[in-house]
Amino acid sequence: MTVRTRFAPSPTGYLHIGGVRTALFNWLYARRHGGTFILRIDDTDAERNVEEALEPILSGLKWLGIDWDEGPGVGGPHAPYFQSQRSAGHKAAVGKLLASGHAYRDFAKPEELDEERKAAQAAGKPYLYSRRFAAFTSDEAARFAAEGRQGVVRLKMPREGSLVIDDAVRGRVEFAWEREQDHVIQRADGSCLYHLASVVDDHDFEITHVIRAEEHLSNTPRQAYIALSLGYPLPAYAHLPLVAEPGSRTKLSKRKLAAYLKNPDFRQMQDHGTRIAERIGVAAAADTFNPVIVDFYREVGYLPWAIDNAMALLGWAYDDKTEFFSRDELIAAFSLERINASPASFDPKKLWSVQDHYMHALSADEKLALMLPYLVKAGLVSSPPTADQTATVRRVIEASGDRLKVSGDILGYADFFLLEEPVLDPQAVAQKLAKPGVADLLARYAGSIAAVTPFEPGPLEEATKAFVAEAGLKLGDVIHPVRVAITGKTVGPGLYDCLAILGASKSIARIDRARGLAG
RNA sequence: GGCCCCAUCGUCUAGAGGCCUAGGACACGGGCCUUUCAAGCCUGCAACCGGGGUUCGAAUCCCCGUGGGGUCACCA
């Protein structure tokens, strides 16, 4: 049997990080078993701008390297892959269910249903529809319709016995049929609902493994009932643990963003990303740009595989020590058996550290290719960058080392080299420059390095140490004010690197100018 | 509330009856290195929800509590 899995997002306008985990696991399982990974768009709820709402999802998956074998853009033998375009099949299935007595037309009004529900509640009994307005024959249906009632189609759920599924993550799970409601599968307007459509499409697509989040576990009985009634074989089920909020076990939801922002780690990640976004002209409104949404990571310059690797670790582990996997290694290592059953909370710090690890592993040239576009977008280099600019940025990247955690971080490390004048951080100026004697110190230091040749880190270090020794100072006494003088900041690459990258004339000019601000 | 799921350091997890004095990673604390900030190295702190069984032996199996979560739409 060829493994066939699917990810079936609704066009909501953004790709949620929890959805990424579900997509990733489906993809990994298919790849692991030489199977097929299918992308289906569950758009039965007829939204207005499906295309617009779908784009971020498709581009997000592509960016993450989660490629699909069948679906939008690539087609496939079971096209179309949009649920809204498969309604004929859904309606035919409803017809079959009706004909076989597994479903019925129902003419109850919402308020009548409410009444029953309330009565059951008052009696302290579990609610079960009386089927009072069920029409099992066309005569009955005609009579109800004559009363001006509207008909929907409901599942005629069994009222005894139970369903047992063998979930790949949870093991044996049993549901009593009598606890299941007669769910609506077709609306009065003839359109079909998700559960029906999903089961029919899964069967049409020959899906062998339904791998989805745990929130769907309690939907399984009605779906299994539909499948069984239609004579479909049941797929294997694997219900993944929920991706929970940072520091909690509650399902991660985009709607609760305000609460997440109270989490210091989440907040820090958000603020860091927002700072970068603002500099490159990306709209960074918190509700559309935050660490729950994949676009956030792409815009800010995280590495896609870092996100994948980090998400794979949410609810799954290979062993007691391996955490980093290449794409091929992850595929080879992945199995449903090793999925954990308990909810896993999303930890921004952990994601950050995985990102750090992968950024760390990149060569200067690889970083250059990723980071240069950020400088272009921020207007710090021309488009395309000149050879000089590129060379400077490359040196900055080398000098910055592991300080650059995401591609967008280059903005804060390269700007003072690329700008004619550094932007001075007032606090840095107050702390390091505005001290008595600093102006004089800077003048003497500028003089002492003016003649250094070549103007490179090694000789500069020697000259600086000699200067310090002669003046009877500590190294820090010189380095801190000089750093602020030439970069405007207190943090950055090593000072000798900064001087060398900037060059003798610019360095000395900046030191001279900073004397005006010094004490 | 009914049904279902879950329960090991703050977080992600390893652990399928003895390898457990419970391992790893992130975070956190201390130290080294050091011109800032990172990185790196050393080191420390920190968990089996509770109670009953079963067993020579339980984090692991069973039961009962407790706690947390999901779900109960003419949403997906």
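Below or above, wherever it landed, is the structure these notes cover.

Criteria and cut-off values
- Residues numbered from 1 in each chain as written.
- Chains lettered and ligands numbered in written order.
- Predicted model: local features only at pLDDT ≥ 70, side-chain atom pairs only at ≥ 80, totals over all residues.
- Heavy atoms only, no water.
- Near = heavy atom within 4 Å.
- Polar contact = N/O pair within 3.5 Å; in protein donor to acceptor, adjacent residues only side chain to side chain.
- Helix = DSSP H or I, 4+ residues; strand = E, 2+ residues; numbered from the N terminus.
- Buried < 20%, exposed > 50% of the residue type's maximum accessible area, 1.4 Å probe, protein only.
- Pairing = 2+ DSSP bridges.
- Right-handed = clockwise from strand over helix to strand, strands pointing away.
- Arc of directions from axis to C-beta.
- Contact = heavy atoms within 4.5 Å.
- 1 Å grid on protein atoms, 1.4 Å probe; cavity = no way out; pocket = protein on both sides within 12 Å on 5 of 7 lines; lining within 4 Å.
- Points joined across faces, edges and corners; volume = space filled by probe spheres on them.
- Axes fitted to C-alpha atoms, helices over the stretch in contact; angles between N-to-C directions.
- Parallel < 35°, antiparallel > 145°, perpendicular 65-115°, else oblique.
- Left-handed = near helix turned anticlockwise from the far one by under 90°.

**Some details on the protein's contact with RNA strand B**
Right, so step 1: The environment of RNA strand B is made up of 61 residues, and the closest members are Ser10, Arg170, Arg187, Glu323 and Arg403.
Right, so step 2: One nitrogen or oxygen atom from the main chain of aspartate 320 is found 3.3 Å from a base nitrogen belonging to RNA strand B.
Right, so step 3: Note that a sugar or linking oxygen of RNA strand B is positioned 2.9 Å from one of the side-chain N or O atoms of serine 345.
Right, so step 4: Listing elements by their share of the surface near RNA strand B, those giving two or more residues are strand S7 (171-176), helix H6 (194-204), strand S12 (344-345), helix H13 (348-360), helix H20 (475-487) and helix H21 (495-502).

**Things to note about the pairing of strand S2 (residues 36-39)**
Right, so step 1: Side-chain alternation along S2 places Thr36 and Ile38 on one buried face and Phe37 and Leu39 on a second face that is also buried.
Right, so step 2: Here strand S1 (residues 4-7) pairs with S2 via four bridges, running parallel. Directly across from threonine 5, in S2, lies its bridge partner phenylalanine 37.
Right, so step 3: Handedness of the S1-helix H1 (residues 17-32)-S2 crossover: right-handed.

**What about helix H17 (residues 426-433)?**
Right, so step 1: Looking only at H17, the buried set comprises Ala428, Val429 and Leu433. Across the axial projection of H17, the buried residues extend over an arc of 100°, all falling on one side. Seen from the open side of H17, the exposed residues pointing more than 90 degrees away from its buried face are Pro426 and Gln427.
Right, so step 2: Taken together, the buried residues of H17 touch helix H18 (438-449), H20 and helix H22 (504-514).

**Some points on the side chain of aspartate 42**
Right, so step 1: Inspection of the secondary structure assignment puts aspartate 42 in the loop between S2 and helix H2 (50-63).
Right, so step 2: Taking relative accessible area as the criterion, aspartate 42 reaches 6% and is therefore assigned buried.
Right, so step 3: A distance of 2.8 Å separates polar atoms of two side chains, one belonging to aspartate 42 and the other to arginine 40.
Right, so step 4: For aspartate 42, the residues in contact, after removing those within four places along its chain, are Ala8, Pro9, Ser10, Pro11, Gln83 and Tyr194.

**Digging into the layout of surface pockets**
Any empty space left between atoms is shown by rolling a water-sized probe over those atoms.
Right, so step 1: In this structure, the largest pocket occupies an estimated 1000 Å³ of space.
Right, so step 2: Taken together, 37 residues form the lining of the largest pocket, with Ala8, Pro9, Ser10, Glu215 and His216 sitting closest to its centre.
Right, so step 3: The set of elements that each furnish at least two residues to the lining of the largest pocket consists of S1, H1 and strand S9 (209-213).
Right, so step 4: Looking at which element gives the most residues to the lining of the largest pocket, the answer is H1, with five residues.

**Here's the deal with the packing of H17 against H20**
Right, so step 1: Where H17 meets H20, the closest approach of the two axes is 9 Å, and the angle between their N-to-C directions is 150°. One finds that H17 runs roughly antiparallel with respect to H20. Crossing angle aside, the handedness with which H17 passes H20 is left-handed. Contact residues: Ala428, Val429, Lys432 and Leu433 in H17; His480, Pro481 and Val484 in H20.

**Re the pairing of S7**
Right, so step 1: With six bridges connecting them, strand S6 (residues 162-167) and S7 associate as antiparallel partners. Across the sheet, the residue bridging to serine 162 is alanine 176, located in S7.
Right, so step 2: Counting the residues in the hairpin turn of S6 and S7 gives three residues.

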